[in-house]
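# Structural features, examined
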Amino acid sequence: MDIQDQDATARWEALGSRDARSRGTAMEHISQEVMRRVESIGPIPATVPSTLATAGHPTSDLNDILARLLMLSKRCPFDDVRERCVWLLQNVQDFGVRIPRPLGNGPSRFIPEKEILQVSKVDPRTQSIFEDAFAALGRLDNISLVMGFHPQYLESFLRTQHYLLQMDGPLSLHYRHYIGIMAAARHQCSYLVNLHVNDFLQVGGDSKWLNGLDGAPQKLQALGELNKILAHRPWLLTKAHIEHLLKAEEHSWSLAELIHAVVLLTHYHSLASFTFGCGITPEIHSDGGHTFRPPSLSQYCVCDIANGNGHGHLEERRGNHQVSEVSGEVEVLMERMKQLQECRDEEEASQEEMATRFEREKTESMLVATAEDEECVPSRDVSRHFEDPSYGYKDFSRRGEHVPTFRVQDYSWEDHGYSLVNRLYPDVGQLLDEKFQMAYNLTYNTMAMHKDVDTSMLRRAIWNYIHCMFGIRYDDYDYGEINQLLDRSFKVYIKTMVCSPEKTTKRMYESFWKQFQHSEKVHVNLLLMEARMQAELLYALRAITRYMT
């Protein structure tokens, strides 16, 4: 990187400074540089293609800068930077140069933008977290914006992710981002793949690795099998898989490196679930997030209408109709929780009965189809980062196969997994434990419009249902409660998001808990994400423990 590039990078980074004067100085330099480029090009003639970002075209660099300014004008948590970017883009447009506009509205296809952006305006804590995240990464990504509904959790999530990707650890920085790409690609999550392709190149990663997994070092290629099994059928993982990685002669992994890799793989598999489950859209400055084409006569694109941002009154009317359709849904659920609590207090089922109910629920979970089992063909851009694209989720035990139940009292996160991770990758066990606890225990004691509600029974049913789908059993839990609390449309959503997240649709998101708020559905997605991550981790850590003993 030459001096000029270093100066430019430093100026963009300074926009994340807590010091307003530093931000102002950096913005002034950026403004001067942009206008110098604009003046050297002059007004764009109508004959130039509207995409403008054609390789080699003199405006292609400028377009990247303009897209970045557009992102900052919408997403920077500092008012002064947002306002100055709006002003600068207007100046560029006044000079006759086309400026980009966002495609769609907001960070999510499922949740109206105004609801997401309102959160930081009314909650100083969320605003502070956003500012810290922006200062660390130079961006405030759409995942963080949606998680902003739950600032306590977001803080824990960002702290853990920062540690995994940027702090001292067994793996080099470019290996970490490449593993993130491999993991996200297994679920065809182009959003996360694109994010980490950029980060991988920024930390000095070799661009040849991005042509396909076969261009990466043998050591990373060897991780492909572990990535595949963990993502889709973690119960098939054995100590032989671990041994293969640790004893691969010159391409072998150390135990500490492998733990780091396993945590990254499970983190990004589950984050792909969250990304699809919340309908996360591409970042404004990346491909698919903006366009240089002028808006249509109606001023709305298809994405706006689909997202419910273009026609507020229509959304409101439809919402009112929905509520009247499912009136009483919340009350029914609360009544069931109350009845189950009373039954618990009166009598406790025997161990045999509890085991039978687990097996019944496990079998029933196989009958829940994921999103009509639509076939999704991965694009070349994503599929090149992994092998065997036809390998996907299959139910835990089917067609007479028998995979032993994973009993939590034999190997649990609290008693076994936590200490193993902390021993081989210090502090990460602690960070993960805090994040799991935060998602599991998070409550505002509300359900839709009702206050002072104990939701612990419902949260436990959701968590244990996911673990049940992965063949993990808690001896002290009555699995009969799951059928009482989780209806079929909710189970379809859970199974799709956790097992085949790329098949999640807006219709599925809207079909469960119709009376609940978007923030509550995001909370559900946090639970699903963390329960999935812990389930994968338990199988991986148990296999590593068996290898070590």
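Structure report, in brief. All values reported here derive from a predicted model rather than from experimental measurement. (Residues numbered from 1 in each chain as written. Predicted model: local features only at pLDDT ≥ 70, side-chain atom pairs only at ≥ 80, totals over all residues. Heavy atoms only, no water.)

This part is about empty space enclosed by the protein. Per the counting criterion, the structure on display carries 1 cavity of 30 Å³ or more. Trp12, Leu15, Arg68, Met71, Leu72, Phe134 and Gly138 together form the lining of the largest cavity. In terms of residue count, the dominant contributor to the lining of the largest cavity is helix H3 (residues 60–75) (3 residues). (1 Å grid on protein atoms, 1.4 Å probe; cavity = no way out; pocket = protein on both sides within 12 Å on 5 of 7 lines; lining within 4 Å. Points joined across faces, edges and corners; volume = space filled by probe spheres on them. Helix = DSSP H or I, 4+ residues; strand = E, 2+ residues; numbered from the N terminus.)

This paragraph deals with the packing of aromatic side chains. Counted according to the given criterion, the structure contains 22 aromatic pairs. Here Trp413 and Tyr418 contribute two aromatic rings whose centre-to-centre distance is 6.1 Å and whose plane-to-plane angle is 85°, an arrangement assigned as edge-to-face. A residue is classified by how much of its surface remains accessible, and Trp413, at 2% relative accessible area, is buried. Residue classification places Tyr418 among the partly exposed residues on the basis of a relative accessible area of 22%. An aromatic cluster of three or more residues is present, and its members are Phe110, Phe490, Tyr493, Tyr509, Phe512, Trp513 and Phe516. Over the aromatic face of Phe78 sits the side chain of Arg23, whose NZ or CZ is 4.0 Å from the ring centroid. A cation over an aromatic ring shows up here: Lys521 above the ring of Tyr509, its NZ or CZ 4.7 Å from the ring centre. (Phe/Tyr/Trp six-rings, centres within 6.5 Å; stacked < 30°, edge-to-face > 60°. Buried < 20%, exposed > 50% of the residue type's maximum accessible area, 1.4 Å probe, protein only. Lys NZ or Arg CZ within 6 Å of the ring centre and 35° of its normal.)

Turning our eyes to something else, we now look at the packing of helix H8 (residues 151–166) against helix H9 (residues 173–186). Remark: H8 packs on H9, axes separated minimally by 8 Å, with the N-to-C direction vectors making an angle of 120°. Comparing the axis directions of H8 and H9 gives the class oblique. Packed against H8, whose contacting residues are Tyr163, Leu164, Leu165 and Gln166, the element H9 presents Leu173, Arg176 and His177 at the interface. (Axes fitted to C-alpha atoms, helices over the stretch in contact; angles between N-to-C directions. Parallel < 35°, antiparallel > 145°, perpendicular 65-115°, else oblique. Contact = heavy atoms within 4.5 Å.)

Glancing now at helix H4 (residues 79–94). Look at H4: 23 Å from first C-alpha to last across 16 residues, which is about the 22 Å you get at 1.5 Å a residue. For H4, the complete set of buried residues consists of Val81, Cys85, Leu88, Leu89 and Val92. Looking straight down H4, one finds that the buried residues subtend no more than 100° of arc, so they occupy a single side. Looking at H4, the residues exposed on the side facing more than 90 degrees away from the buried face are Glu83 and Asp94. Backbone geometry just after H4 places Gly96 at a positive phi near 95°. (Expected span 1.5 Å × (residues − 1). Arc of directions from axis to C-beta.)

Moving on to the packing of helix H13 (residues 239–246) against helix H26 (residues 518–548). Orientation of H13 relative to H26, taken along the N-to-C sense of each, is 70°, at an axis distance of 8 Å. The orientation of H13 with respect to H26, classified from their angle, is roughly perpendicular. Residues Lys239, Ile242, Glu243 and Leu246 of H13 pack against Ala543, Ile544, Arg546 and Tyr547 of H26.

Attention now goes to helix H22 (residues 456–469). In this model, H22 (14 residues) spans 20 Å end to end at C-alpha, consistent with the 20 Å of a helix rising 1.5 Å per residue. In terms of burial, H22 is largely enclosed, as 12 of its 14 residues are buried. Every buried residue of H22 is accounted for by Met457, Leu458, Arg459, Ala461, Ile462, Trp463, Asn464, Tyr465, Ile466, His467, Cys468 and Met469.

As a further point, take the pattern of salt bridges. In the structure shown here, the tally under the stated rule is 20 salt bridges. Where Glu28 meets Arg84, a salt bridge forms, and the shortest distance between an N and an O atom there is 3.0 Å. Here Glu28, found in helix H2 (residues 20–41), pairs with Arg84, found in helix H4; they are 56 residues apart in sequence, far enough to count as distant. The residue Lys247 makes a salt bridge to Glu243 at a minimum N-O spacing of 3.6 Å. Residue classification places Lys247 among the exposed positions, given a relative accessible area of 55%. Sharing partners across several salt bridges, the network here consists of Arg18, Glu131 and Asp132. (Salt bridge = Lys/Arg side-chain N within 4 Å of Asp/Glu carboxyl O.)

Summarising the element assignment, Glu520 is placed in helix H26. Buried within the structure, Glu520 lacks any salt-bridge partner; Lys521 is the closest side chain of opposite charge, at an N-O distance of 9.2 Å. At 2.8 Å, the side chain of Glu520 forms a polar contact with the backbone nitrogen of Ala448. Beyond its immediate stretch of four places on either side in the chain, Glu520 contacts Thr446, Met447 and Ala448. (Lys, Arg positive; Asp, Glu negative; His and termini not counted. Polar contact = N/O pair within 3.5 Å; in protein donor to acceptor, adjacent residues only side chain to side chain.)

Turning next to the environment of Ser511. In this fold, Ser511 is placed in helix H25 (residues 506–511). Put simply, Ser511 and Val492 are 19 residues apart on the chain and 9.8 Å apart in space, counted from C-alpha to C-alpha. A polar contact is formed between the side chain of Ser511 and the backbone oxygen of Met508, at a distance of 2.9 Å.

Leaving glycine aside, a negative phi is the common case for residues, and trans is the common case for peptide bonds. Phi angles above zero are rare outside glycine, and Gln188 is one such case at about 55°. Topologically, Gln188 is positioned in the loop between H9 and helix H10 (190–202). Of note in the backbone geometry, Asn445 takes a positive phi value of approximately 55° without being a glycine. Along the polypeptide, Asn445 turns up in the loop between helix H21 (428–441) and strand S4 (446–447).

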